[in-house]
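Summary of structural features
If you want the building blocks of each chain, they are given just below.
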Amino acid sequence: MNIRRSTTLLSCLLLPALALAWGRWHAHRWQFPLHDALPHRALTPGATSAAVTQADVHGTICVRGYTRTVRPPEEYTERLKREQIREYRYRDHWLRDYEEDHLIPLELGGSPASARNLWPEPRRVAGGWGSYRKDRLENRLNHLVCRGRLSLSAARRMIATDWIAAYQRYIGKSRAD
């Protein structure tokens, strides 16, 4: 009986610690190859919201908190992320390694719920070109559009075509995040 309690106590303490250690190792070791930083055009070509046009950016995407009003529910994006990880044929199936991201971001009037505009973007990609870096570009392009320094259509086209090239142009090639 004493051994059984010890074993139970040990497993209650040891298993969570091992799981946590594995999660930390996995998060810091796994990186996707650079080509996975961009979505597959056939699966995720991008889609825009008809509610956002150049003429009304100051009543939509330039209003603080706009994206909260159009963001799809997590239940929807989580389910879609699972499906798309399979469609993309990623070997890594850990959901936390991806952000179900809008190719054309909500900050630029991307379609909130279209599967054509959502994709499982890897968080960690070789060279640092993962989802966190793209988020920074989305904010920069929104700022430029809202200040009238870049057209909405140009910003959408650049981020949908090659967001890495757009990042290098508008933020910099080697700037650390």
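Residues numbered from 1 in each chain as written. Predicted model: local features only at pLDDT ≥ 70, side-chain atom pairs only at ≥ 80, totals over all residues. Heavy atoms only, no water.

Here helix α3 (residues 74-87) contains 14 residues, and its C-alpha end-to-end distance of 19 Å stays within 8% of the 20 Å for a straight helix at 1.5 Å per residue. Looking only at α3, the buried set comprises Thr 77, Leu 80, Lys 81, Gln 84 and Ile 85. The buried residues of α3 occupy an angular sector of 135° when projected down its axis, which confines them to one face. Exposed residues on α3 whose side chains face more than 90 degrees from its buried face are Glu 75 and Arg 86. (Helix = DSSP H or I, 4+ residues; strand = E, 2+ residues; numbered from the N terminus. Expected span 1.5 Å × (residues − 1). Buried < 20%, exposed > 50% of the residue type's maximum accessible area, 1.4 Å probe, protein only. Arc of directions from axis to C-beta.)

Here we come to unusual backbone geometry. The backbone of Arg 89 sits at a positive phi, close to 60°, despite the residue not being glycine. Looking at Arg 89, the relative accessible area reads 75%, which means it is exposed.

Of the volumes computed, that of the largest pocket is approximately 310 Å³. In this structure, the largest pocket is lined by 16 residues; those nearest its centre are Arg 71, Glu 99, Glu 100, Asp 101 and His 102. Mapped onto the lining of the largest pocket, the elements with two or more residues apiece are α3, β1 (98-102) and α4 (131-146). Here the residues of the lining of the largest pocket sort into three nonpolar, three polar and ten charged. In terms of lining, the second largest pocket is formed by Ile 61, Val 63, Arg 64, Gly 65, Tyr 66, Thr 67, Arg 68, Glu 107, Asn 139 and Asn 142. Looking at the lining of the second largest pocket, the elements that each hand over two or more residues are α2 (66-70) and α4. (1 Å grid on protein atoms, 1.4 Å probe; cavity = no way out; pocket = protein on both sides within 12 Å on 5 of 7 lines; lining within 4 Å. Points joined across faces, edges and corners; volume = space filled by probe spheres on them. Nonpolar A, V, L, I, M, F, W, Y, C, P; charged D, E, K, R; others polar.)

With that settled, the discussion passes to the side chain of Ser 111. For Ser 111, the position within the fold is in the loop between β1 and β2 (118-122). Overall, Ser 111 belongs to the buried group, its relative accessible area being 12%. Excluding its chain neighbours within four sequence positions, the residues that come into contact with Ser 111 are Ala 47, Thr 48, Ser 49, His 102, Leu 106 and Asn 117. (Contact = heavy atoms within 4.5 Å.)

Turning our attention to the packing of aromatic side chains. Within this structure, the stated rule accounts for six aromatic pairs. Consider the rings of Tyr 88 and Tyr 90, whose centres lie 5.4 Å apart with planes at 25°: the pair is stacked. Like Tyr 90, Tyr 88 is buried. Put simply, the rings of Phe 32, Tyr 88, Tyr 90 and Tyr 98 touch in pairs and so form one group of aromatic residues. A cation over an aromatic ring shows up here: Arg 133 above the ring of Trp 129, its NZ or CZ 4.4 Å from the ring centre. (Phe/Tyr/Trp six-rings, centres within 6.5 Å; stacked < 30°, edge-to-face > 60°. Lys NZ or Arg CZ within 6 Å of the ring centre and 35° of its normal.)

Residue placement: Lys 81 occurs in helix α3. No salt bridge is formed by the buried Lys 81. Its closest oppositely charged neighbour is Glu 78, at 4.7 Å. Here the side chain of Lys 81 touches Tyr 98 through a polar contact of 3.2 Å, landing on its backbone oxygen. In this structure, Lys 81 is in contact with Leu 95, Tyr 98, Glu 100 and Pro 120, ignoring residues within four places of it in sequence. (Lys, Arg positive; Asp, Glu negative; His and termini not counted. Salt bridge = Lys/Arg side-chain N within 4 Å of Asp/Glu carboxyl O. Polar contact = N/O pair within 3.5 Å; in protein donor to acceptor, adjacent residues only side chain to side chain.)

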